[in-house]
Amino acid sequence: MKKVSKKLLLLLVLFLFLGIYYYITLPAINIHAAGFWTTLGLLIAAVTVLYAVIQMRRQSKSNVVQVKTVEYVFKEFKLVKAGCALLILVFLIFAAGNILSSPIVNADKYQKLMTVKESDFTEDIQQTNYNTIPLLDKESAELLGNRKMGSMVDMVSQFEVGSDYTQINYKDTPVRVTPLVYANEIKWLTNQKTGIPAYIRIDMATQNTECVKLSQAIKYSKSEYFNRNIYRHLRFHYPTYIFDDQIFFEIDDEGTPYWVCPVKKFNIGLFGGQTVGNVVLCNAVTGECTDYPVEKVPNWIDKVYSAELLTELYNYYGIYKHGFFNSILGQKDCLKATNGYNYIALDDDVWVYTGVTSVSGDQSNVGFVLMNQRTMETKYYKVEGAIEDSAMSSAEGQVQNLGYQATFPLLLNISNEPTYFMALKDGAGLVKKYAMVNVQKYQWVAIGDTVKECEKAYVSLLGTNGITEAKDESLYEQITGKIAASAPVVIEGNTHYYVALENSEDIFDVDVSDKNLIGIIRYQTGDVIRMTFSREESGLHTVTEIQ
């Protein structure tokens, strides 16, 4: 009975160790998961060692010479030999699986993981609507989020802003959303019963930042411990699923927070050709999970494929066109994505933009791709021009006296010209100016304090160089009316007149420092005036001409 109790105790210790290991590492019970083979190897090794220790103790009590005990065990006990053989077999399967899943023997399969359709730039990319493009990058969003959190005196001592900042389309507007997280372990202990009360939402076009307080708090998140940790919650619900390293925080059209959790699918051998097979949607408040095939996810979800995964898949497509060895030696027709990416909203989806260049490392693009983060649809546009780094350097050169740094650009359609658009930030990370750079003639650079001002300067630059008419009439409107009120204001040392017309809710901004507009000072209330202006989303419209 005593012997049985000792064996039982050893088995209990073994299973307790394995249980703790599983609870911490959360390996998927799936032959396609590398963690599965690691766990299996540890289990076999632990059982073999435990059995060997038991036998060695038994032989020791039977007066077998100690120095020969290990040798004796390996010679006489078949289970130890079987365990070692099984451990070697696991290692060989794992090694063979990696080799047979690699591009060395499957280059053609890797190249076909992504389908790329060639499209026309001017047809697909319409004239820019600045409500649908992000004017900020993630770093700028983080600054705004932290600043907003600092003003929330009721929460700032208990919570911090999470690092997710997922870019999504929310009601046809590009926004970044990120949950709050517990400030530290003590704050988790005192607040976890009620949960996380809010998330941050940042409008990437207007820079408007909101701390959205929830009627029901977030209970499942990355900052939770134990069973409410989102990764552990997912693993216990789906023990065989191999979840992507990146899960995305999103909100639906009603503002309800969710975790969008892509499930890896391996299309080549045991470990190769990763795409996404399923998506688990987890309600961050209730923990309720719904499993969708990737082709049937709800349309409001924007992120299924990470930008890194899409870029990797495109690189497989571009590099392995003529096999693996050509990608190393001759490199004929080998293309790859450039060293950065950005996001743009099209058709209520978020698309990843990146340039395409040759693997030789020259400073020019042969085109660019847009990759849909929900469907993996990929479009290639043959637009030759400067690589993004060159355009960024060109824009920075225009403001080198100020030391501003350019963000990674977006590709826009300005007057049917492919144009790089980027923000220029100061040393504190704040956006100070905007720049537009012509893709094919990257020495053509326009700078402006506002997006509209930058666009006007760029259109004028195109006209000067004979690309378009100097003045793109589609950017301007005209209005005639009787002045209801006007008032002078001083903005950054310059005098402006704000003018209101009868029967119009709009306000018009007339910059008197422009000699063509100084005539506004002669107008009085009741005078009829005709103005040419560019419409601004703020409702304060910029006047360009008085007639």
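Coordinates for the structure precede this section.
Residues numbered from 1 in each chain as written. Predicted model: local features only at pLDDT ≥ 70, side-chain atom pairs only at ≥ 80, totals over all residues. Heavy atoms only, no water.

A. Examining the overall build of the protein chain more closely. A count of helical and extended segments in the protein chain gives 13 helices and 27 strands. Against the globule reference of 24 Å for 547 residues, the protein chain gives a C-alpha radius of gyration of 31 Å, more extended than a compact globule. Seen through its C-alpha atoms, the protein chain measures out along the principal axes to roughly 115 × 60 × 45 Å. Every one of the 547 residues in the protein chain was classed for burial, and the buried ones make up 50%. By sequence separation, contacts in the protein chain at least 24 residues apart represent 52% of the contacts at least 6 residues apart. (Helix = DSSP H or I, 4+ residues; strand = E, 2+ residues; numbered from the N terminus. Rg over C-alpha atoms; globule rule 2.2 N^0.38 Å. Buried < 20%, exposed > 50% of the residue type's maximum accessible area, 1.4 Å probe, protein only. Contact = heavy atoms within 4.5 Å.)

B. Focus on the packing of aromatic side chains. Within the structure shown, the criterion is met by 24 aromatic pairs. Where W188 meets F226, the ring centres are 6.0 Å apart and the plane angle is 50°; that geometry is what we call tilted. Of this pair, W188 sits in helix α8 (residues 185–191) while F226 is found in the loop between β6 (209–218) and α9 (230–237), placing the two residues 38 residues apart along the sequence. Under the relative-accessibility criterion, W188 is labelled buried at 12%. Classification of F226 as exposed rests on a relative accessible area of 52%. Three or more aromatic residues joined by ring pairs make a cluster, and in this case those are Y110, Y316, Y320, F324 and F325. One residue, R232, lies across the ring of Y23, its end atom 4.2 Å from the ring centre. (Phe/Tyr/Trp six-rings, centres within 6.5 Å; stacked < 30°, edge-to-face > 60°. Lys NZ or Arg CZ within 6 Å of the ring centre and 35° of its normal.)

C. Region of interest: helix α4 (residues 78–100). Relative to the 33 Å expected for 23 residues at 1.5 Å per residue, α4 spans 32 Å between its end C-alpha atoms, a close match to the ideal helical length. For α4, the complete set of buried residues consists of V80, G83, V90 and G97. (Expected span 1.5 Å × (residues − 1).)

D. Geometry of the sheet that holds strand β25 (residues 507–511). With respect to topology, 5 strands assemble into a closed barrel ordered β23-β24-β25-β27-β26, the strand pairing being mixed. Here the average twist between neighbouring strands, direction ignored, is 55°. Bridging between strand β26 (residues 528–534) and strand β27 (residues 540–546) involves 4 bridges; their strand directions are antiparallel. Bridging from a neighbouring strand, T532 pairs with E545 of β27. (Pairing = 2+ DSSP bridges. Axes fitted to C-alpha atoms, helices over the stretch in contact; angles between N-to-C directions.)

E. Representation of the sheet that holds strand β9 (residues 272–283). The strand order across the open sheet built from 4 strands is β7-β8-β9-β10, with neighbouring strands paired in antiparallel fashion. Lying at the two open borders of the sheet, with one neighbouring strand each, are β7 (248–251) and β10 (289–293). Taken over all neighbouring pairs, the strand axes of this sheet differ in orientation by 35° on average, direction set aside. Relative to strand β8 (residues 257–268), β7 runs antiparallel, the two being bridged by 4 bridges. Looking across to β8, one finds that F249 is bridged to W259.

F. A look at the pattern of salt bridges. For the structure shown, the criterion picks out 13 salt bridges. Salt-bridge contacts for K425 lead to E139; the nearest nitrogen and oxygen are separated by 3.4 Å. Here K425, found in strand β20 (residues 417–425), pairs with E139, found in helix α7 (residues 138–151); they are 286 residues apart in sequence, far enough to count as distant. The exposure class assigned to K425 is buried, which follows from its relative accessible area of 7%. Here K432 makes a salt bridge to D426, at a shortest N to O gap of 3.8 Å. Judged by relative accessible area, K432 falls into the partly exposed class, the value being 37%. Classification of D426 as buried rests on a relative accessible area of 18%. Among the charged side chains, a salt-bridge network with shared partners connects D137, E139 and K425. (Salt bridge = Lys/Arg side-chain N within 4 Å of Asp/Glu carboxyl O.)

G. Here's a closer look at a negative patch on the surface. There is a patch of like negative charges on the surface, built from D172, D253, E254, D347 and D348. Inspection of the secondary structure assignment puts D253 in the loop between β7 and β8. (Patch = residues over 30% accessible without salt bridge, like charges linked within 9 Å, V, L, I, M, F, W, Y side chains within 5 Å. Areas by Shrake-Rupley, 256 points an atom, 1.4 Å probe, with all protein chains shown as cover. Lys, Arg positive; Asp, Glu negative; His and termini not counted. Charge placed at Lys NZ, Arg CZ, Asp CG, Glu CD.)

H. Focus on the side chain of Q167. Inspection of the secondary structure assignment puts Q167 in strand β3 (residues 166–169). In this structure Q167 comes out as buried when scored by relative accessible area, which is 3%. Side chain to side chain, Q167 and R176 meet in a polar contact 3.3 Å long. Residues contacting Q167, with those up to four places away along its chain left out, are P134, V175, R176, M204, K303, Y343 and V350. (Polar contact = N/O pair within 3.5 Å; in protein donor to acceptor, adjacent residues only side chain to side chain.)

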